[in-house]
Amino acid sequence: MSKDKEFNLATPAGKELGRSLSNIETVKDHDAERSRLRSIFIVITCTAAMVVNISNTTSVSISLPTIEKDLVIEEEQLQWLVSAYSLSSGCLLLFFGRLADLYGRKKAFMIGTLCQIAFSLGCGFAQDGLTLAVLRGFQGIGGSATIPSALGILAHAFPPSRARSIAFATFAAGAPVGGAFGMIIGGVLTQLTSPHWRSIFYMAAATSAVIGVSGLISFDADVPSSEVVKRVDWIGASLVTVGLVLIVFVLAQGEIASDGWKTPYIIVLLVLGVILLAVFLVWEWKLERIIEEDPSRATSMWTPPPLMKLSLWTRAKGRMAVILVIAFLNWSAFIGWSFWVQLYYQNYLLLTPVETMIRFIPMFIVGCLCNFFVAMVVAKLPLVIFVVSGTLLTATAAILFALIDPSVTYWAFCFPSTVLIVFGADFVYSSGTIFIAKTSLPHEHSVAGALFQTMTQIGTAFGLTISTIVFNTVVDSESAKLGVTVNSSGTNAPMSAQLVGYHDAQWTSAAFALMAALLAALFLRSVGIVGHNRVIRHVDSDQTMAAHAASHDTGIPMTN
C-alpha cells in the first residue's frame, strides 16, 4: 500500500482501525525497552506452553495400557482420558481468546498456567478412572487459555520482521516437538519410574510451574484493548462452546456407543450440536451488522461486540477461510498418523512404551531443525510453497505407513515417515499462524489464533473418528473373510486383518492431507510472501496491513 494514501476513518471499519492505531506507540515502546534476552525468553516460554499442551495428550496416549491395568478402566472408556482434555482445550479456545484480547493476554496466560499446574497434580493423585477423566477435562481448560494468549503475546511482542518469522516458526515447531516429547517422556516415565503413569502428570505440573515463572518475568505488561466497548458476547460464547462440546463428544463416542452411530443419543446430540453452531454463526453475523450500522448499540446488553466476526473468515479475499480449512485437514492427517503409528508399534509389533518412544525420537530432533529452516526461508518464499509442500509431505508420511511391510527394517518406511511428518506439520502451522497474525487486527490476534487452533482441534477429533471408522470396518471385513467374528474389544481380530486396517487408516490420513494440498494449490497462489526480513512499523505495521486486506473485502474507501 502506498504511503500517500490513507484510510477514510469515517466508515465503521475505518473507526476500528483508528482505535487500533492508537496503540502503536505503546507497543513500540515495549519493544524498544525489551532486551534481546527477554525477547528470547518470550519465544521460549510461549513455545514451551505449546509443547506442554500437545504433550499432555500424547504422553497419556502412550501410557493408556498401564493406566487401564492400574485403575481397572474398561477399554471402551479408556479413550476419554485423552478425549476429555481435547474436548475442553479445543472447545473453549475462542472464548478464552476473546477474554485474552479484551482483558490482557499475560493475565489469561498466567491463569491458564495455574490451571494446568493445579489439575495436573490432581490427575497424578487420581484413584479411579472417572475422577481422572474429569480432572483431565479441567486440565484442558488451562491449555485453552494459554495457547491463544501465547499467539497474541508473540504477535504483539514482535512487529512484522524476521524476528516475528523466527518467533512464529519456533512456536509452530512446538506442536510436532510436543507430540514427540510427550511420547518420549511418557514412555520413559511410565516404564522406568516407580509412580509409573502418575509421573507424567507430576512432570506436566512442574514444567507448567517453570513456564509460569518465566512468563511472569519475561512477558511485557498487558496493553489495554483498543476496543471502546470491552464486553463479552456471552450468548455467542455459550452457543459455540456447547455446540463444539456436543460435536466433539459425538465424534469421540459415536464409534463405541452401544449401537454405534445409530444410537439415538448420538444422533440427537450431533443434530443439536450442528444447530447450535449454525445459530452461533447467524448470531455473530447479526451482531457484526448491527454494530457496523450503529456502533453506539454495542453498549446494549443484547448487542455486545461479536465473539468472532464472520468477516474474519473473508479477510484477504477469503484466503483466511482457506488457511483455516487447510489447518483442519492437515491436522486430521497429522494426528491420525501419530495415533495409528503408535498403535501399530504397541498393538501389532508388541513393542514396549520405551521401544515405541525410541522410534519417535527423530520427530523431536527434526522438529528443532525444521524450526531453523522455516525461520530462514519464510521471508523468501510465498505462502503457497510452504502450504503445498507441507501438506504433500504430510501425505507422503502417511502413504509410507500405508505401504509398510512389517518384515522390513525400521529405516525403510518408519524412519523417513517420521521425518517427513514433522516438516509437513511445521510448514503448515508456522506459515499459517504468520499469515493469521498478518491478516488480523491487533485487538483480534488472540481470537484469530484461537480460531486457527480450534480448527486444528476439531480436525483432530474428525480425523481420528473417520480413520477409526475405516479401521474398524476394514478389520471386521477382513476378519469375516477368514471366518472370524470380531468381539467388541477387537482382541480376537487376526493379525493380517489388523495390518490391512492400519494400512487403510493411514490411506485415510493421506487423503486428508492431499485434499489440503489441492485447496492450497487452487486458492493460495496469489498470496505471496508472509514473512519479513526487515522490521516494519507505522504505515506498514500490522494494523495497516490487516486493514489493507480488509479494504479489498469490505470496500473501505481509499482517498488520495
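Residues numbered from 1 in each chain as written. Predicted model: local features only at pLDDT ≥ 70, side-chain atom pairs only at ≥ 80, totals over all residues. Heavy atoms only, no water.

Asks: Would you mind going over the overall build of the chain in detail, with residue names and values included?
Replies: Broken down by element type, the chain carries 20 helices and two strands. Scored against the burial criterion, the 560 residues of the chain give a buried share of 59%. In the chain, once contacts between residues fewer than 6 apart in sequence are set aside, the share between residues at least 24 apart is 83%. A total of about 22,000 Å² of accessible surface is found on the chain, and carbon and sulfur atoms cover 69% of it. (Helix = DSSP H or I, 4+ residues; strand = E, 2+ residues; numbered from the N terminus. Buried < 20%, exposed > 50% of the residue type's maximum accessible area, 1.4 Å probe, protein only. Contact = heavy atoms within 4.5 Å. Areas by Shrake-Rupley, 256 points an atom, 1.4 Å probe, with all protein chains shown as cover.)

Asks: Outline the pattern of salt bridges, supporting the account with residue identities and numerical values.
Replies: Summed over the entire model, instances satisfying the criterion amount to six salt bridges. A salt bridge links aspartate 101 to arginine 105; the shortest N-O distance between them is 2.5 Å. Accessibility expressed as a relative area gives 5% for aspartate 101, which makes it buried. A residue is classified by how much of its surface remains accessible, and arginine 105, at 10% relative accessible area, is buried. (Salt bridge = Lys/Arg side-chain N within 4 Å of Asp/Glu carboxyl O.)

Asks: Quick rundown of the packing of helix H10 (residues 162–192) against helix H17 (residues 414–439)? Include the residues and the values.
Replies: The interhelical angle for the contact between H10 and H17, taken along N-to-C directions, is 135°, at an axis separation of 8 Å. Relative to H17, the element H10 is oriented oblique. Of the two elements, H10 crosses H17, and the hand of that crossing is right-handed. Here Arg164, Ser165, Phe168, Ala169, Phe171, Ala172, Ala173 and Pro176 of H10 come into contact with H17, specifically with Val422, Asp426, Tyr429, Ser430, Thr433, Ile434, Ala437 and Lys438. A breakdown of the residues in the contact of H10 with H17 according to their chemical character gives 10 nonpolar, three polar and three charged. (Axes fitted to C-alpha atoms, helices over the stretch in contact; angles between N-to-C directions. Parallel < 35°, antiparallel > 145°, perpendicular 65-115°, else oblique. Left-handed = near helix turned anticlockwise from the far one by under 90°. Nonpolar A, V, L, I, M, F, W, Y, C, P; charged D, E, K, R; others polar.)

Asks: Describe helix H12 (residues 234–253), listing the residues and the values that go with them.
Replies: Between the first and last C-alpha of H12 there are 28 Å, a value that for 20 residues agrees with the 28 Å anticipated at 1.5 Å per step. For H12, the tally of buried residues reaches 14 of 20 residues, placing the bulk of the element in the interior. (Expected span 1.5 Å × (residues − 1).)

Asks: Go over the packing of H12 against helix H18 (residues 445–481) with me, naming the residues and quoting the values.
Replies: Remark: H12 packs on H18, axes separated minimally by 8 Å, with the N-to-C direction vectors making an angle of 25°. The orientation of H12 relative to H18 falls into the category roughly parallel. Crossing angle aside, the handedness with which H12 passes H18 is left-handed. The segment H12 lies against H18, with Leu244, Val248, Leu251 and Ala252 engaging Thr454, Ile458, Ala461, Phe462 and Thr465. Its residues assigned to classes, the contact of H12 with H18 shows seven nonpolar, two polar and no charged.

Asks: Give a detailed account of the environment of glycine 236, specifying residues and quantitative values.
Replies: Take glycine 236: it is sitting in helix H12. As a C-alpha pair, glycine 236 and tryptophan 283 span 47 residues in sequence and 6.9 Å in three-dimensional space.

Asks: If you had to explain the side chain of glutamate 284 to someone new, which residues and values would you point to?
Replies: Looking at the element boundaries, glutamate 284 is found in helix H13 (residues 264–293). For the buried glutamate 284, which has no salt bridge, the nearest side chain bearing the opposite charge is arginine 98, at an N-O separation of 7.8 Å. Engagement of the side chain of glutamate 284 in a polar contact is seen with the backbone nitrogen of leucine 307, the distance being 2.7 Å. Not counting residues up to four positions away in its chain, the partners in contact with glutamate 284 are Asp233, Gly236, Pro306, Leu307, Met308 and Leu310. (Lys, Arg positive; Asp, Glu negative; His and termini not counted. Polar contact = N/O pair within 3.5 Å; in protein donor to acceptor, adjacent residues only side chain to side chain.)

Asks: Quick one: what's the story with the packing of aromatic side chains, residue by residue and with numbers?
Replies: Within the structure shown, the criterion is met by 32 aromatic pairs. For the pair tryptophan 340 and tyrosine 502, a centre-to-centre distance of 6.2 Å together with 65° between the ring planes defines the contact as edge-to-face. Of the two residues, tryptophan 340 is situated in helix H14 (residues 319–348) and tyrosine 502 in helix H19 (residues 495–523); the sequence distance between them amounts to 162 residues. Residue classification places tryptophan 340 among the buried positions, given a relative accessible area of 3%. The exposure class assigned to tyrosine 502 is buried, which follows from its relative accessible area of 5%. Measuring from centroid to centroid gives 5.7 Å for phenylalanine 386 and phenylalanine 427, while their planes differ by 85°, and the two rings are edge-to-face. Placement of the pair is phenylalanine 386 in helix H16 (residues 383–402) and phenylalanine 427 in helix H17, with a sequence separation of 41 residues. Judged by relative accessible area, phenylalanine 386 falls into the buried class, the value being 2%. By the ring-pair criterion, three or more aromatic residues cluster together here, those being Trp337, Phe339, Trp340, Tyr344, Tyr345, Tyr348, Phe360, Phe401, Phe471 and Tyr502. When the ring centre of tyrosine 410 is taken as origin, the NZ or CZ atom of arginine 359, which lies over that ring, is 5.9 Å away. (Phe/Tyr/Trp six-rings, centres within 6.5 Å; stacked < 30°, edge-to-face > 60°. Lys NZ or Arg CZ within 6 Å of the ring centre and 35° of its normal.)

Asks: I'd like a rundown of the environment of alanine 517, residues and numbers included.
Replies: By the element assignment, alanine 517 lies in helix H19. We classify alanine 517 as buried; its relative accessible area is 7%. In this structure, the C-alpha to C-alpha distance between alanine 517 and leucine 393, residues 124 residues apart in sequence, is 9.7 Å. Setting aside residues up to four positions removed in sequence, alanine 517 forms contacts with Val388, Thr391 and Leu392.

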